[in-house]
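Remarks on the overall topology
Residues per chain, in single letters:
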There are 2 protein chains.
Amino acid sequence: KNKDSVILRNLPKNHISHYDLNKLTISPDALTKKEEVLILSPMSKFLPEYWENLNKLTYDHSLISLGFIFPRTQEGDQALKELEDSLKRSKAQNKLNFKKITLLRQDSNSLKSQAEKDRHAFKVQKERRSMMALARNSLVFTTISPTTSWVLWLDADIVETPPTLIQDLTAHNKPVLSANVYQRYFDPETNQKSIRPYDFNNWVESEEGLKIASGLADDEIIVEGYAEMATYRPLMAHFYDANGDVNSEMALDGVGGGAVMVKADVHRDGAMFPSFPFYHLIETEGFAKMAKRLGYEVFGLPNYLVYHHNE
Amino acid sequence: KNKDSVILRNLPKNHISHYDLNKLTISPDALTKKEEVLILSPMSKFLPEYWENLNKLTYDHSLISLGFIFPRTQEGDQALKELEDSLKRSKAQNKLNFKKITLLRQDSNSLKSQAEKDRHAFKVQKERRSMMALARNSLVFTTISPTTSWVLWLDADIVETPPTLIQDLTAHNKPVLSANVYQRYFDPETNQKSIRPYDFNNWVESEEGLKIASGLADDEIIVEGYAEMATYRPLMAHFYDANGDVNSEMALDGVGGGAVMVKADVHRDGAMFPSFPFYHLIETEGFAKMAKRLGYEVFGLPNYLVYHHNE
Ligand SMILES: Nc1nc2c(ncn2[C@@H]2O[C@H](COP(=O)(O)OP(=O)(O)O)[C@@H](O)[C@H]2O)c(=O)[nH]1
Ligand SMILES: Nc1nc2c(ncn2[C@@H]2O[C@H](COP(=O)(O)OP(=O)(O)O)[C@@H](O)[C@H]2O)c(=O)[nH]1
Ligand SMILES: [Mn+2]
Ligand SMILES: [Mn+2]
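Chains are numbered independently. Their residues run from 1 in the order of the written sequence. For naming, the first written chain is A and the first written ligand is 1, with later ones following in the order written. Local features are withheld for residues below a pLDDT of 70 in this predicted model, meaning they are given only at 70 or higher, and side-chain atom pairs are given and counted only at 80 or more; totals for whole chains, interfaces and linings count all residues. For the side-chain quantities, the full set of heavy atoms in the structure was used; hydrogens and water were omitted.

**Observations regarding the coordination of the manganese ion (ligand 4)**
Residues and elements named next belong to chain B. Within the protein, the manganese ion (ligand 4) binds to Asp 157 (OD) and His 308 (NE2); these donor distances fall in the range 2.1 to 2.2 Å. Of the two residues, Asp 157 sits in the loop between β6 (148-154) and β7 (158-160) while His 308 sits in strand β12 (residues 298-308), which places them 151 residues apart along the sequence. The class of His 308 is buried, set by a relative accessible area of 8%. Atoms of type N, O and S within 2.8 Å of a metal are treated as its donors, and for Na, K and Ca the window is 3.2 Å; water is not considered, so some sites may appear to be missing partners. Numbering of helices and strands runs from the N terminus; a helix is a DSSP stretch of H or I covering at least four residues, while a strand is a stretch of E covering at least two. Whether a residue is buried, partly exposed or exposed follows from its accessible area with a 1.4 Å probe, protein chains only, as a fraction of its type maximum: under 20%, in between, or over 50%, in that order.

This is how it looks when you write it as structure tokens:
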């Protein structure tokens, strides 16, 4: 669908002009076809585990570009500095082989307090996620290049994924595909390490959700995962089956930003993260709706887990 | 508003990694500050007058990048060929000094017949303009670079503008600013050359327009300039005053695509051309609404004329 071909004409000084007829593919054989992947992470905090996990990805690093956006806060400056230190260290060890790395700093306001209970409070969600939407848009539309085949949204607090994450997700050949974000924790009841669902933004629309939406004023939003607004939407987080096929797919209507693979054409066609209520949805949930309005299907992998940091 | 700073870190092979701390400005002194401008033209037909006019623009060509998108039709292939011939000729004469030229070919379907009466028929507008929206999105999100300050949308059939077009429009320092698109013609009544309004997509919302919108089904659109749907919206085309100040501004709610200057941050924040009904608007008119939803103001210059080709 809508695969534009790109003819790049560069006109370097004192050089004969030349063509670069770019035969961009976006296919389930991404690695074999040497398709370029752009990994994008909004980053308010630098977690060494995130960076280590990223570096362990087995997709050819020379086909991967990285893009980061930091809030213009003390916390953001700290994260930027720590990432730069890590870049320098990797570089010194000759272990930094990514194609390109772009670091962006937001100018728009960021909310000060980022402690989990503050940032999850229902009433700050609209402002917070609207700001995140703008940050994500700036990030993708500054870093996407004519040679990008896939965009992987990977939050900076996703600390553990299969090392074959890119191959695994691209193999499904879906326009938008979300992994299931879980969290490791220590269960005091059983006295054992365990896992629990973390991201509730991967969901299927429900009758109740539509009913709530139809009763809202134009500028009100629904954010999934809050008791204040019970949508009874089937949440992908609850569809995890430890014994199920890791490749089983489910159609989704909303996605979170934890680990989402997007065909670059979806963004190039205009799919962005609404910072304003779009069908009463914003940010990543609004993005899923926008991708659908642009004619693309959205999926998730309930049994394919990635892990969120535990604060 | 939302001026992100870009830190580009390139990691060329066998080179020490380096920073390019990009102090991007977007200011009313664009030329003095050497701000880069990206001129984007969807092109179904190559008109030599368009190309000549473009080449006469007095803004420093080394600060200008060009982007074109052609329909994947015989007509589009012909236009691509003719543009390439013109590029070669300019190059041979050492007159081609643009920073970069990108040529894109749509893969999405284009409507076959492009004769004026066909393409303006009310019932084909939705399909046609939805396709144009996708083409514009692909074009801007493929060609925008971290160093772009301004994006000038210039239709490929705009054959005459002041040579200072870029300086003039940027000087207003508006997020979105549309020139007034007129057309030269021979008036058989007076037996004289004359001018007439051409583009009716630059408008101010009206009570009647809002009333019509509120009565429409979710997926219906309003396209301005059709008797079938009289909105009584004030149209910028009718505000032209030959004796008025060429710099007078008017706030707009809808814009056309003829000659529109956009701050690159507006696109980077996510302003795209909806290919689906967005507040019952699509393409350039929907873009204006989206820019407004993202918090930007939209303006037009009623007395600043540019001229559309006369078929
Ligand atoms: N640029 C930017 N990134 C942020 C900001 N706040 C959070 N992030 C990052 O955005 C991602 C998602 O945010 P997070 O607070 O973890 O959301 P949650 O997991 O849904 O609670 C993470 O990668 C954060 O590091 C911000 O203000 N600006
Ligand atoms: N890429 C592309 N450009 C087109 C297509 N149709 C028209 N155009 C270009 O888009 C611009 C606006 O289209 P046009 O037909 O002139 O619209 P009008 O002036 O509103 O009648 C012009 O620059 C055309 O050359 C198409 O199917 N694909
Ligand atoms: Mn998180
Ligand atoms: Mn035209």
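Now that the structure has been shown, we can carry on.
**Side note on helix α6 (residues 207-214) of chain B**
All names here are of chain B. Taken as a whole, α6 has its buried residues at Gly 209, Ile 212 and Ala 213. In a view along the axis of α6, the buried residues occupy a sector of 100 degrees, so they form one face of it. The exposed residues of α6 that point more than 90 degrees off its buried face are Glu 207, Lys 211 and Ser 214. It is the directions from the helix axis to the C-beta atoms whose arc is reported.

**A look at the side chain of Asn 303 of chain B**
Residues and elements named next belong to chain B. Position of Asn 303 among the secondary structure elements: in strand β12. A polar atom in the side chain of Asn 303 sits 2.7 Å from the backbone nitrogen of Asp 241. At a separation of 2.9 Å, a polar atom in the side chain of Asn 303 contacts the main-chain carbonyl oxygen of Asp 245. Pairs of N or O atoms within 3.5 Å make up the polar contacts considered here, provided that, within protein, one atom can donate a hydrogen while the other can accept it, and that residues adjacent in sequence are counted only when both atoms are side-chain atoms.

**Observations regarding the packing of helix α4 (residues 122-143) of chain A against helix α8 (residues 283-293) of chain A**
Two quantities define a packed helix pair, namely the angle between the axes and the distance from one axis to the other. All names here are of chain A. At a closest axis distance of 8 Å, the pairing of α4 and α8 adopts a crossing angle of 60 degrees. By the angle class used here, α4 and α8 are oblique. Packed against α4, whose contacting residues are Arg 129, Met 132, Ala 133 and Arg 136, the element α8 presents Glu 283, Thr 284 and Glu 285 at the interface. For the contact of α4 with α8, the residue count by class is two nonpolar, one polar and four charged. Only C-alpha atoms enter the line fits that serve as axes; for helices the fit covers just the stretch in contact. Angles between N-to-C directions range over 0 to 180 degrees. With respect to orientation, any angle under 35 degrees is reported as roughly parallel, any angle over 145 as roughly antiparallel, any angle of 65 to 115 as roughly perpendicular, and every other angle as oblique. It only takes one pair of heavy atoms within 4.5 Å for two residues to be counted as in contact. Each residue is assigned to one of three groups, with Ala, Val, Leu, Ile, Met, Phe, Trp, Tyr, Cys and Pro labelled nonpolar, Asp, Glu, Lys and Arg labelled charged, and all others, Gly among them, labelled polar.

**Comments concerning the nonpolar core**
By size, the foremost hydrophobic cluster in this structure holds 68 residues, and its most contacted members are Trp 153 and Val 176 of chain A together with Trp 153 and Val 176 of chain B. Other than its neighbours up to four places away in sequence, Trp 153 of chain A contacts Leu 40, Arg 136, Leu 139, Val 140, Gly 257, Gly 258, Ala 259, Val 260, Val 262, His 267 and Phe 273 of chain A. The set of buried Ala, Val, Leu, Ile, Met, Phe, Trp, Tyr and Cys residues whose side-chain atoms join them within 4.5 Å is what this entry labels a nonpolar core.

**Considerations on the site of ligand 2**
All names here are of chain B. A cutoff of 4 Å decides nearness: a residue is near a molecule or strand if any of its heavy atoms lies inside that distance of it. The local shell around ligand 2 holds 19 residues, among which Pro 42, Gln 106, His 120, Ala 156 and Asp 157 are the closest. The separation between a nitrogen atom of ligand 2 and a polar main-chain atom of Ile 69 is 2.9 Å. Measuring from an oxygen atom of ligand 2, one finds a backbone N or O atom of Ala 156 at 2.7 Å. Elements represented by at least two residues in the shell around ligand 2 include exactly β4 (64-70), α3 (116-120) and α4 (122-143). At three residues, the largest contribution of residues to the shell around ligand 2 is made by α4. Taken together, the residues that form the shell around ligand 2 break down as nine nonpolar, six polar and four charged.

**Structural notes on the packing of aromatic side chains**
Only Phe, Tyr and Trp rings take part, Trp by its six-membered ring, and two of them pair if their centres are within 6.5 Å. Stacked means planes under 30 degrees apart, edge-to-face means over 60, and tilted covers everything else. Scanning the model with the defined rule gives 16 aromatic pairs over all chains in all. Between the aromatic rings of Phe 141 of chain A and Phe 141 of chain B, the centroid separation amounts to 3.8 Å while the plane-to-plane angle is 15 degrees, which identifies the pairing as stacked. With one member in each of two chains, Phe 141 of chain A in helix α4 and Phe 141 of chain B in helix α4 form a pair that bridges those chains. In terms of burial, Phe 141 of chain A and Phe 141 of chain B fall into one category: buried. With a centroid separation of 4.7 Å and an interplanar angle of 25 degrees, the aromatic rings of Phe 273 of chain B and Phe 287 of chain B are classed as stacked. Taken together, the residues span a long stretch of sequence, with Phe 273 of chain B in the loop between α7 (264-268) and α8 (283-293) and Phe 287 of chain B in helix α8 at a distance of 14 residues. Of the residues examined, Phe 273 of chain B reaches a relative accessible area of 2% and is grouped as buried.

**A word on helix α1 (residues 48-55) of chain A**
Residues and elements named next belong to chain A. Within α1, burial applies to Tyr 50, Trp 51, Asn 53 and Leu 54. Relative to the axis of α1, the buried residues are bounded by an arc of 165 degrees and lie together on one face. Looking at the packing, one finds that the buried side of α1 touches β3 (36-42), β4 (64-70), α2 (74-92), β6 (148-154) and β7 (158-160).

**Observations concerning unusual backbone geometry**
The phi dihedral of Glu 283 of chain A is positive, around 45 degrees, even though this residue is not glycine. In this structure, Glu 283 of chain A sits in helix α8.

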